[in-house]
Amino acid sequence: MKNYFSIQDIDSLPNWVDEAIKMKKNPLSHKTLGVDKTIGLLFFNPSLRTRLSTQKAALNLGMNVIVMNFTGEGWSLEYGDGTVMDQGNSEHVREAAQVVSQYCDVLAIRAFAKLENKEDDYSEKVLQSFMKYATIPVINMESATGHPLQALTDAITITEHKKNKKPKVVLSWAPHPKALPQAVANSFVEMMQHTDADFVITHPVGFELASQITKEVPIDYNQENAFKDADFIYVKNWSAYQDYGKTKSDGASWRITKDKMKLTNNAKFMHCLPVRRNVVVDDAVIDSKNSIVIEQANNRTFAAQLVLKKILENN
Amino acid sequence: MKNYFSIQDIDSLPNWVDEAIKMKKNPLSHKTLGVDKTIGLLFFNPSLRTRLSTQKAALNLGMNVIVMNFTGEGWSLEYGDGTVMDQGNSEHVREAAQVVSQYCDVLAIRAFAKLENKEDDYSEKVLQSFMKYATIPVINMESATGHPLQALTDAITITEHKKNKKPKVVLSWAPHPKALPQAVANSFVEMMQHTDADFVITHPVGFELASQITKEVPIDYNQENAFKDADFIYVKNWSAYQDYGKTKSDGASWRITKDKMKLTNNAKFMHCLPVRRNVVVDDAVIDSKNSIVIEQANNRTFAAQLVLKKILENN
Amino acid sequence: MKNYFSIQDIDSLPNWVDEAIKMKKNPLSHKTLGVDKTIGLLFFNPSLRTRLSTQKAALNLGMNVIVMNFTGEGWSLEYGDGTVMDQGNSEHVREAAQVVSQYCDVLAIRAFAKLENKEDDYSEKVLQSFMKYATIPVINMESATGHPLQALTDAITITEHKKNKKPKVVLSWAPHPKALPQAVANSFVEMMQHTDADFVITHPVGFELASQITKEVPIDYNQENAFKDADFIYVKNWSAYQDYGKTKSDGASWRITKDKMKLTNNAKFMHCLPVRRNVVVDDAVIDSKNSIVIEQANNRTFAAQLVLKKILENN
């Protein structure tokens, strides 16, 4: 593995999950592995969990950390080939990526979907450009279409909490006042395809994720039916893929309630956070003992730390 | 002590001051105490001294430091219980505080008064919420109503410079073009109540601080009278507490001048900084040899370092 | 050397270049020199290379690094003597510089020209004020009129790539949609005056740099003529010094093309970056094997590291 761009970069998900859980028991077990190595974290968007947990993971491995908010602290980047750069962008990603590669040993980048143009977002312009021109490993801290550090976190969390060998896991759409990217849902779906589980997606008609990602995963348009006997309810809003970036103004009936959770097999409630209470999920659910969102967020550190360990060992 | 929220969290002010002065002589005396521990500094407002001195203090103790500007770099937070979060705020402090607690060992937070609503500010919504939900110690880097790192700094500075056992200390209001919080003045008053001194507050009528804070401290509405025989003149602007957040457009006569300083017992001039020259205080005063504002700012490091040491030792 | 403000602070450029090239071969050769020392990087403007390479240089020397974006994270500064500070600025540089000096061991500052007033910019208000009031060494990370870390980088890069003892080096103006400072060009010219080379500047009439800087350096208003037999083409846009801050809307003919490069002695192409492709320079030139802009940017680390090493050894 050179880059950690997507779930497909994991050679064996079960092995990675086992290794991460082992690392979690002794976070400082490899505290000299990253000594004299520097990770650069480049943010094009806000971040709380990713910003802090990735720093913590690097520190646990003894690395130096340099954080940069690209918007504002640096120069606005051009991505097009052959562009006459007489407009707003001051620097081409060709130079930026090559230059930064000389100051760091690993690069981690967050660049959300803009939700203006499907082709632009799904071409992964920012991450693909950095991976093309960087001469060091690149880690995806949530790109336009994927959030593989979150999905690895989710695999760890499900493994820790599952009570039977093949749990039923439901990815449920939920309402949100703003149009959100599909990144978290996409990577969760990809991750689940490498997991031994009874996996089903439930969402309103029109909110189908990209078929090249969902492939054969069953979709149930009836949320209550999908919840029956579930062991894990993984909740996330996303805007439409077909009618790209559109969201649903009348989606309130998809909110996660106590009554819906009663349909499950005493399921654990998961969400990547941040979450809008009483819009996406009722207080009564997120504050219940079955909610594992805080433990889930804690695992962000160990997902990042495992990815960094793999990269440091292989490069 | 779990949190350092206010001056009331200090068990013995004289002992803390002595210990800080001792630490100042050998700042690296405990440089392994914080090894493999991480402090997260969360800023909701600008900061120069607090930002740098708290980082320096943590580094002196061998800690890792993660700095985050919550405004802009993270998600806007909701504090209300039971809120339907369909407006601007993306994340509830319940999740944010619990999550951050898992990535750090100590949290330090700056969140100024908004000066829009007295009850909101004096309920200390931000700091109290973080202290309620965080599972790690929380340090106040200036909240809506207090700035206890500054007040501990001031206690250290007064102790270093006092020439008699019971000095006369005057807290004087001074003019300012903008409405400012009462936080620094409040904590200074609370700190002085634990200090052996002849303490008096002087300000224009209408600028009384909260009576639950000032208690029995004498107030003199005549600035020149208050200055007589003073050993320390501590200057700060604050907006009104009664007519909440209002300031005084004709307060220029309260500016600190050379002539007023001549009324004192060769008093030291103190201010927490930043200070507006020739509005709050004349150049001739702040540039005089009696001005100790720079040494005072230097003590910010040792106040923060002592608080961190106490927290690291007790947790 | 106390401060590194300009190229004039280098006692022997050839010795410094040799030492930097030696350090580049073993960047961690002095990794304990800066232990328990802290550098504060203060940015008043955006930065990519300077921000990251200076951090990397400090880390290579074992230093602690504190980065602060002064705009936004701190208080807006006043520089005037005797000002009645009743307007927008909250803090005077006198206090800011003295205070920061107590938390750090070295200070590095970036403060660009505003291009509004020649006297203001060429008085170097920000850097000179910090150097006046700071009690620790100050490093120029690009000021209004100079960028000496870049120029030292350029000296290193030319030395590494030159094929004859006295190469022909051309500093060529190139077009740009925005008015840019003269800082990089100024420091390059100053540096070349300490370098054994056949040095010529070429630019359109009206774009003469300050004569107190260019002194006896020949100027050729004919770009193609200047390029003949050149070993190095160093390209940079700058706005006019005489008609201060004005730029040229019809400068497109000055763009660096493959055909112009053919006039040279197989010259290396240099630029400090960021660069606007196909405005300043054609893709065919910057992407050619003669372009050394990426290696040049890499040398930023070693220029900064050498300056820091000199400062740490001398203070």
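For chain A, the name recorded in an unreviewed UniProt entry is N-succinylornithine carbamoyltransferase, with Aquimarina aggregata as its organism.

A. Region of the structure containing the overall build of chain A. Broken down by element type, chain A carries 13 helices and eleven strands. Against the compact-globule benchmark of 20 Å for 315 residues, chain A has a radius of gyration of 20 Å, which places it among compact chains. Expressed as a percentage of the 315 residues in chain A, the buried residues total 65%. Within chain A, contacts between residues separated by at least 24 positions form 78% of all contacts whose residues are at least 6 apart in sequence. When the accessible surface of chain A is summed, it comes to about 11,300 Å², and 46% of that surface belongs to carbon and sulfur atoms. Of the charged side chains in chain A, 37 are positive and 37 negative; the average position of the first set lies 6 Å away from that of the second.

B. Just the domain arrangement of chain A, in detail. Residues and elements named next belong to chain A. With domains assigned, chain A is organised as domain 1 (7-146 + 299-314) and domain 2 (150-296). In this structure, domain 1 and domain 2 have C-alpha centres spaced 25 Å apart. Counting from both sides, the interface comprises 26 residues of domain 1 and, opposite them, 34 residues of domain 2. Summing the contributions of domain 1 and of domain 2, the shared interface buries around 2,400 Å²; its carbon and sulfur component is 62%. Between domain 1 and domain 2 we count one salt bridge in total. For Lys24, the salt bridge goes to Glu160, with nearest N and O atoms at 2.8 Å. Joining domain 1 to domain 2, the criterion identifies 13 residue pairs in polar contact (both at pLDDT 80 or more). The set of elements that each furnish at least two residues to the side of domain 1 that touches domain 2 consists of helix H1 (13-25), helix H5 (118-122) and helix H13 (293-314). Sort the elements by how many residues they give to the side of domain 1 that touches domain 2 and H1 lands first, with six residues. Along the lines of polarity and charge, the residues of the side of domain 1 that touches domain 2 split into 13 nonpolar, six polar and seven charged.

C. Fine view of the interface of chain A and chain B. Contact with chain A, which involves 32 residues of that partner, is made by 31 residues of chain B. Buried surface at the junction of chain A and chain B, both sides included, amounts to about 2,700 Å², of which 58% is carbon and sulfur. Sorting the residues of chain A by area buried against chain B places Leu48, Arg276 and Arg277 of chain A first, and these three jointly supply 23% of that buried surface. Glu95 of chain B serves as the salt-bridge partner of Arg277 of chain A, at 2.7 Å between the closest nitrogen and oxygen. Where chain A packs against chain B, one counts 15 residue pairs in polar contact (both at pLDDT 80 or more). Every element with two or more residues in the side of chain A that touches chain B is listed here: helix H2 (49-60), helix H12 (283-286) and H13 of chain A. Per-element tally for the side of chain A that touches chain B: the top contributor is H2 of chain A, with seven residues.

D. Summary view of the sheet that holds strand S2 (residues 64-69) of chain C. All names here are of chain C. Taken in spatial order, the four strands line up as S2-S1-S5-S6 in an open sheet, and their pairing is parallel. The sheet terminates laterally at S2 and strand S6 (138-140), the two strands that pair on one side only. Direction aside, the axes of adjacent strands within the sheet are offset by 20° on average. As paired elements, strand S1 (residues 38-43) and strand S5 (residues 106-110) share five bridges and run parallel to each other. Bridged to Leu41 within S5 is Ala108. Taken strand by strand, helix H13 (residues 293-314) contacts S1, S5 and S6, and its axis lies near 160° from that of S6.

E. Main features of the packing of helix H4 (residues 93-103) of chain A against helix H6 (residues 125-133) of chain A. All names here are of chain A. The contact between H4 and H6 brings their axes to 8 Å, and the two run at 55°. With respect to H6, the element H4 is oriented oblique. Regarding H4 and H6, the two cross each other, and that crossing is right-handed. Where H4 approaches H6, its residues Val93, Arg94, Ala97 and Gln98 are matched on the opposing element by Ser129, Phe130 and Tyr133.

F. Broad picture of the pattern of salt bridges. What the rule picks out here adds up to 48 salt bridges over all chains. Across the pair Asp287 of chain A and Arg277 of chain A runs a salt bridge whose closest N-O atoms are separated by 2.8 Å. Of this pair, Asp287 of chain A sits in the loop between H12 and H13 while Arg277 of chain A sits in the loop between strand S11 (268-271) and H12; the two residues are ten residues apart in sequence, bridging distant segments of the chain. The exposure class assigned to Asp287 of chain A is partly exposed, which follows from its relative accessible area of 40%. Given a relative accessible area of 2%, Arg277 of chain A falls into the buried group. Notably, a salt bridge pairs Asp282 of chain B with Arg255 of chain B, separated by 2.6 Å at the nearest N-O pair. Here Asp282 of chain B is found in the loop between strand S11 (268-270) and helix H12 (283-286), whereas its partner Arg255 of chain B is found in the loop between strand S10 (232-236) and helix H11 (258-262), with 27 residues between them in sequence. Taking the relative accessible area as the measure of exposure, Arg255 of chain B reaches 26% and is therefore partly exposed. Shared partners join several salt bridges into a network, and the residues in it are Asp81, Arg94 and Glu95 of chain A together with Arg277, Asp283 and Asp287 of chain C.

G. Local environment of the layout of surface pockets. Of the voids in this model, the largest pocket is the one considered here, and its volume is about 1,600 Å³. Around the largest pocket, the lining is made up of 48 residues, and of these Leu59 and Asn64 of chain A, Asn64 of chain B together with Leu59 and Asn64 of chain C lie nearest the centre. Contributions of two or more residues to the lining of the largest pocket are made by H2 and strand S2 (64-69) of chain A, helix H2 (49-60) and strand S2 (64-69) of chain B together with helix H2 (49-60) and S2 of chain C. With six residues, S2 of chain A is the single largest residue contributor to the lining of the largest pocket.

H. Up close: the sheet that holds S2 of chain B. Ordered by their spatial adjacency, four strands build an open sheet running S2-S1-S5-S6 (chain B), and the pairing between neighbours is parallel. Whereas interior strands pair on both sides, the edge strands pair on one side only; in this sheet they are S2 and strand S6 (138-140) of chain B. Strand after strand, the sheet turns through a mean of 20° between neighbouring axes, direction not considered. By the bridge criterion, six bridges tie strand S1 (residues 38-43) of chain B to S2 of chain B in an arrangement that is parallel. Its bridge partner lying in S2 of chain B, Gly40 of chain B is registered against Ile66 of chain B. Along the sheet face, H2 of chain A touches S1 and S2 of chain B and points at about 165° away from the line of S2 of chain B.

I. Representation of the state of the cysteines within the structure. With the rule as written, the count across this model stands at zero disulfides over all chains. Counting only cysteine sulfurs, Cys104 of chain B is the nearest neighbor of Cys272 of chain A, a cysteine outside any disulfide, at a range of 20 Å. Residue Cys272 of chain A is classed as buried on the basis of its relative accessible area of 8%.

J. Examining the pairing of S1 of chain B more closely. Residues and elements named next belong to chain B. For S1, a buried count of six out of six residues is recorded, marking the element as mostly surrounded by other parts of the structure. Alternating positions in S1 separate into two faces, Thr38, Gly40 and Leu42 on one and Ile39, Leu41 and Phe43 on the other, with burial throughout. For the handedness criterion, the β-α-β arrangement of S1, H2 and S2 is classed as right-handed.

K. Fine view of the UniProt feature "binding site: N(2)-succinyl-L-ornithine" (unreviewed entry) in chain A. All names here are of chain A. When the UniProt feature table is mapped onto this chain numbering, "binding site: N(2)-succinyl-L-ornithine" (unreviewed entry) sits at Glu142, His176, Lys236 and Arg276. When you line up the elements, Glu142 lands in the loop between strand S6 (138-140) and helix H7 (148-161). Residue Glu142 is classed as buried on the basis of its relative accessible area of 9%. Not counting chain neighbours up to four residues away, the residues in contact with Glu142 comprise Ile109, Arg110, Ala111, Phe112, His147, Ala183 and Val184.

L. Structural detail: the environment of Phe269 of chain B. Position of Phe269 of chain B among the secondary structure elements: in strand S11. If near-sequence neighbours (up to four positions away) are discounted, Phe269 of chain B is found in contact with Ile233, Val235, Ile256, Met261, Val281, Val285, Ile286, Asn290, Ser291, Ile292 and Val293 of chain B.

M. Highlighting the relation of the copies chain A and chain C. For the pair chain A and chain C, the superposition axis carries a translation of 0.0 Å, the fit reaches an RMSD of 0.0 Å, and the rotation angle comes to 120°. Both chain copies can therefore be described as sitting about a three-fold axis. It is Val67 of chain A whose C-alpha, among those of chain A, lies nearest the rotation axis, at 5.6 Å.

N. Structural context of the interface of chain A and chain C. Listed per partner, the contact involves 31 residues of chain A and 32 residues of chain C. Of the roughly 2,700 Å² buried where chain A meets chain C, counting both sides, 57% is carbon and sulfur surface. Taken as a group, Glu73, Trp75 and Tyr103 of chain A account for 27% of the area that chain A buries against chain C, more than any other trio of residues on that side. Where chain A meets chain C, there are five salt bridges. The shortest N-O distance in the salt bridge between Arg51 of chain C and Glu73 of chain A comes to 3.4 Å.

Definitions and cut-offs
Residues numbered from 1 in each chain as written. Chains lettered and ligands numbered in written order. Predicted model: local features only at pLDDT ≥ 70, side-chain atom pairs only at ≥ 80, totals over all residues. Heavy atoms only, no water. Helix = DSSP H or I, 4+ residues; strand = E, 2+ residues; numbered from the N terminus. Rg over C-alpha atoms; globule rule 2.2 N^0.38 Å. Buried < 20%, exposed > 50% of the residue type's maximum accessible area, 1.4 Å probe, protein only. Contact = heavy atoms within 4.5 Å. Areas by Shrake-Rupley, 256 points an atom, 1.4 Å probe, with all protein chains shown as cover. Lys, Arg positive; Asp, Glu negative; His and termini not counted. Charge placed at Lys NZ, Arg CZ, Asp CG, Glu CD. Domains from an automatic or database assignment. Buried area = accessible area lost by both parts, 1.4 Å probe. Salt bridge = Lys/Arg side-chain N within 4 Å of Asp/Glu carboxyl O. Polar contact = N/O pair within 3.5 Å; in protein donor to acceptor, adjacent residues only side chain to side chain. Nonpolar A, V, L, I, M, F, W, Y, C, P; charged D, E, K, R; others polar. Pairing = 2+ DSSP bridges. Axes fitted to C-alpha atoms, helices over the stretch in contact; angles between N-to-C directions. Parallel < 35°, antiparallel > 145°, perpendicular 65-115°, else oblique. Left-handed = near helix turned anticlockwise from the far one by under 90°. 1 Å grid on protein atoms, 1.4 Å probe; cavity = no way out; pocket = protein on both sides within 12 Å on 5 of 7 lines; lining within 4 Å. Points joined across faces, edges and corners; volume = space filled by probe spheres on them. Disulfide = S-S within 2.5 Å. Right-handed = clockwise from strand over helix to strand, strands pointing away. UniProt positions renumbered as here; feature names shortened; annotations may be inferred. Least-squares fit on C-alpha atoms with pLDDT ≥ 70 in both.

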